Number of protein chains: 2
Amino acid sequence: MRPVSIVGIGQVPVEKQSSLSLRHLGAEAVRRAMQSAGVERVDALFAGNMLADELQGQKHIATLIASTVGLKGIEALQVRAATATGAAALRMAYFAVASGEAELAVAMGVEKMSSMPPTSALAKALDAEKEVPTGATLISQNARLMTLYLERYGVAYESFVNFALNAHRNAATNPHALFQKEVDVATVLGSRIVNAPLRLFDCAPICDGAAAVVLAPAATARAHTDRPVRILASAVATDWLRVDDRADPLALEAAALSAQRAFDRAGLSAADIDFFEVHDAFSIMACLLLEACHFAPRGGGWRLAAEGAIFREGALPLATLGGLKARGHPIGATALYQVCEIVQQLTGQAGANQLPDPRVAMLQSVGGAAATVLTHLFGL
Amino acid sequence: MRPVSIVGIGQVPVEKQSSLSLRHLGAEAVRRAMQSAGVERVDALFAGNMLADELQGQKHIATLIASTVGLKGIEALQVRAATATGAAALRMAYFAVASGEAELAVAMGVEKMSSMPPTSALAKALDAEKEVPTGATLISQNARLMTLYLERYGVAYESFVNFALNAHRNAATNPHALFQKEVDVATVLGSRIVNAPLRLFDCAPICDGAAAVVLAPAATARAHTDRPVRILASAVATDWLRVDDRADPLALEAAALSAQRAFDRAGLSAADIDFFEVHDAFSIMACLLLEACHFAPRGGGWRLAAEGAIFREGALPLATLGGLKARGHPIGATALYQVCEIVQQLTGQAGANQLPDPRVAMLQSVGGAAATVLTHLFGL
């Protein structure tokens, strides 16, 4: 297995409603990534998209995007893991290059959620026979986890406010972010209740976006860029699909297991992570992931937010360019935006959001109610 | 990149309407494959499914199947390439083992098409902006290709009859097949017109099914079976998604290119192939694939059928256990059934359908109107 590096990144600014159609949105991200890598052709394209079946009436997404970019003939396949779909596309591109089947592979994601309300299509990430008929949605399942958390640990709702504050502060200076504005405590705490106890600012927004990265063997990466970023580890783990089948819904075993696998493969531990691009689709999810990955003890994830460790100046910066909450969460594209941001940070291109000399970054991507979790580690 | 072998196969008999739900149908195939390999656990599961979003309201298929089998914790991802989806799952499992990320990986596919009419969901494999609004479906596009073929080459419709006869003859003795009965020329030629010039017997049936294979490194394959089958090559190529964008719609460039890539990777040519599990979703498609892969000259694919070369006694047996036409074409599962059948043939387990001492087999899987084509080669 040969080491793999990222040699190009491409992001289209996240918007509430893009003027571009799905194919042109996705193609634009791929073109930007290829231009960034200085290549006009790749061997393979792995596409992440979760909702086009319903929202655009379109399957065959990978070949659609390859066709739109003009890459006739290349390999093109679509990959999925519910709301972690973008990370699954990254993993497949990593496989393709690591195995030697491709010299240059694009991992891309695109989602156009503005076409119609996506809530019912998103809920298909849950168990369609046993959860959806009870009225469950991804939002309600996260609300349930937060209720359980607040009760079990006796934590106040207000303790979570910094997840949103941090995300918005970081997005304010990210030109690709949906919400380029800071928010204050009163705004978060006064925002409307979406699904109790979740308020609007606990939830990532519905939006349109696309992002892509180009992967190459580490041995030839410098032919494309003088600042390649190495993929140190890639790992996936699953939990029972249905939340009620889990011994402890707050334990997020798939997150713990995939993080442990990634750490083992890279020979690293949580202590080595300089910043964490976390899956903050909901503030409770960010909190639980911090605990599952051993950045905080069980019941203590919220403290990293409350005490400011998650800010850019803190011990474990999260969502350094706005996260799902404020950069936006166009599902299939989300993890690819995060990889682009990690590359920006590790190569000193994060502008106003630049962390001082980060060396190792972690990305975690959550499918559904944490039934599938992918962990990727990156370094120079 | 390490060589990869198939060490277990599992097939659930194809049915018009299975009494099993999607999850149990898929889980049963996985259990059978794991039992065949003598393993109780695998590292990863790659699931192929095309239509559950619409027909069962279910995404997150790979984790659903892993959960149902009881494989909590393993890697599980869904892969897609429209109607070639099963082959995409095989390719991902191949990547996982070849790269060293997994020691044992399952490639599985499941489709339950009986839940509701699948035609409109299937049509999403075409271009949703430029083809579907004109009224195009997968059936109508294949009808168009056949019309063009008959006109261009001055071939009579009757010249295609042996594709269906051969498939039904082979399915008659396959206990996993949907149609276990032979048909005669009069039945085929007298069958109703579905979409002119396509008659019922030119088209694969709508059905339910699931199949799976277990992959392991070739070096350790004999720990699981005394008859491992090597994956000699795996390749993918794409064409323009929209048929009208192609210089010659009858050329199937993606099929030609993916076959050439597979031959190059394996150091083989068309002359080395002992039998061909072709994508006979439509008889015209089988004919065009024979030409694209250089088994016949352009305009001459039908002759291999008319002259009997495609029969089990012929020079290039096709669809040796019934093919898509008569074993059935439960989309996401189809290529996995074909891989199981190839393993049966190469290991002398094909029963009444056994070919005499076959050494090298070819599988080709077509996504949409041949916009994405995967080619796999297998040998002992």
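This text gives an overview of the structure that appears in the document. (Residues numbered from 1 in each chain as written. Chains lettered and ligands numbered in written order. Predicted model: local features only at pLDDT ≥ 70, side-chain atom pairs only at ≥ 80, totals over all residues. Heavy atoms only, no water.)

Some thoughts on the overall build of chain A
Consideration 1: Scanning chain A from terminus to terminus reveals 13 helices and 11 strands.
Consideration 2: For 380 residues, the compact-globule formula gives about 21 Å, and the C-alpha radius of gyration of chain A, at 19 Å, lands near that figure.
Consideration 3: Counting only C-alpha atoms and orienting by the principal axes, one finds that chain A spans roughly 55 × 45 × 40 Å.
Consideration 4: Buried residues in chain A amount to 70% of all 380 residues.
Consideration 5: Long-range pairs, those at least 24 residues apart, make up 77% of the contacts in chain A with a sequence separation of at least 6.
Consideration 6: Only carbon and sulfur atoms are counted for the fraction: they give 52% of the accessible area of chain A, which is about 11300 Å².
Consideration 7: If the 32 positive side-chain charges of chain A are averaged to one point and the 35 negative ones to another, these points end up 3 Å apart. (Helix = DSSP H or I, 4+ residues; strand = E, 2+ residues; numbered from the N terminus. Rg over C-alpha atoms; globule rule 2.2 N^0.38 Å. Buried < 20%, exposed > 50% of the residue type's maximum accessible area, 1.4 Å probe, protein only. Contact = heavy atoms within 4.5 Å. Areas by Shrake-Rupley, 256 points an atom, 1.4 Å probe, with all protein chains shown as cover. Lys, Arg positive; Asp, Glu negative; His and termini not counted. Charge placed at Lys NZ, Arg CZ, Asp CG, Glu CD.)

Here's the deal with the pattern of salt bridges
Consideration 1: Applying the stated criterion across every chain yields a total of 50 salt bridges over all chains.
Consideration 2: Here Arg246 of chain B and Asp239 of chain B are joined by a salt bridge, their closest N and O atoms 3.6 Å apart. Pair check on accessibility: Arg246 of chain B and Asp239 of chain B agree, each one buried.
Consideration 3: Counted as one network, the salt bridges with shared partners bring together Asp53, Glu54, Lys59, Arg80 and Lys124 of chain A together with Asp53, Glu54, Lys59, Arg80 and Lys124 of chain B. (Salt bridge = Lys/Arg side-chain N within 4 Å of Asp/Glu carboxyl O.)

Quick notes on the interface of chain A and chain B
Consideration 1: Counting residues at the interface gives 62 residues for chain A, matched by 62 residues for chain B.
Consideration 2: With both sides pooled, the region where chain A packs onto chain B buries about 5100 Å², and carbon together with sulfur makes up 52% of that total.
Consideration 3: With its nearest N and O atoms 2.9 Å apart, the salt bridge here joins Glu101 of chain B to Arg265 of chain A.
Consideration 4: The interface formed by chain A and chain B holds 42 residue pairs in polar contact (both at pLDDT 80 or more) in total.
Consideration 5: Looking at the side of chain A that touches chain B, the elements with two or more residues in it are helix 2 (52-55), helix 3 (61-69), strand 3 (75-80), helix 4 (85-98), strand 8 (229-238), helix 9 (253-266) and strand 11 (372-379) of chain A.
Consideration 6: The biggest single contributor to the side of chain A that touches chain B is helix 4 of chain A, with 7 residues.
Consideration 7: Residues belonging to the side of chain A that touches chain B are distributed by class as follows: 29 nonpolar, 16 polar and 17 charged.
Consideration 8: When strand 3 of chain A meets strand 3 (residues 75-80) of chain B, the two strands line up antiparallel, connected through 3 bridges. (Buried area = accessible area lost by both parts, 1.4 Å probe. Polar contact = N/O pair within 3.5 Å; in protein donor to acceptor, adjacent residues only side chain to side chain. Nonpolar A, V, L, I, M, F, W, Y, C, P; charged D, E, K, R; others polar. Pairing = 2+ DSSP bridges.)

Brief notes about helix 3 (residues 61-69) of chain B
Consideration 1: Most of helix 3 of chain B sits out of view: 9 of its 9 residues are buried.
Consideration 2: Among the residues of helix 3 of chain B, Ile61, Ala62, Thr63, Leu64, Ile65, Ala66, Ser67, Thr68 and Val69 of chain B are the ones counted as buried.

Digging into the side chain of Ser258 of chain B
Residues and elements named next belong to chain B.
Consideration 1: Summarising the element assignment, Ser258 is placed in helix 9 (residues 253-266).
Consideration 2: Exposure remark for Ser258: the relative accessible area of 0% places this residue in the buried category.
Consideration 3: In this structure Ser258 touches Ala235, Val236, Ala237, Gln364, Val373, Leu374 and Thr375, once residues within four positions along its chain are discounted.

Describing the packing of aromatic side chains
Residue and element names in this part refer to chain B.
Consideration 1: Counted by the stated rule, this structure contains 10 aromatic pairs over all chains.
Consideration 2: Each ring, one from Tyr149 and one from Phe160, has its centre 5.8 Å from the other, and the planes form 80 degrees; the classification is edge-to-face. One end of the pair, Tyr149, is in helix 6 (residues 138-153); the other, Phe160, is in the loop between helix 6 and helix 7 (161-171), with 11 residues separating them in the sequence.
Consideration 3: Using a relative accessible area of 0% as the deciding quantity, one classes Tyr149 as buried. (Phe/Tyr/Trp six-rings, centres within 6.5 Å; stacked < 30°, edge-to-face > 60°.)

With respect to the packing of helix 4 of chain A against helix 13 (residues 331-346) of chain A
Residues and elements named next belong to chain A.
Consideration 1: Contact geometry of helix 4 with helix 13 gives a least axis separation of 5 Å together with a crossing angle of 60 degrees. Overall, the two elements helix 4 and helix 13 adopt an arrangement that is oblique. Residue-level contacts link Thr85, Gly86, Ala87 and Leu90 of helix 4 to Ile331, Gly332, Ala335, Leu336 and Val339 of helix 13.
Consideration 2: Across the contact of helix 4 with helix 13, the residue classes break down as 6 nonpolar, 3 polar and no charged. (Axes fitted to C-alpha atoms, helices over the stretch in contact; angles between N-to-C directions. Parallel < 35°, antiparallel > 145°, perpendicular 65-115°, else oblique.)

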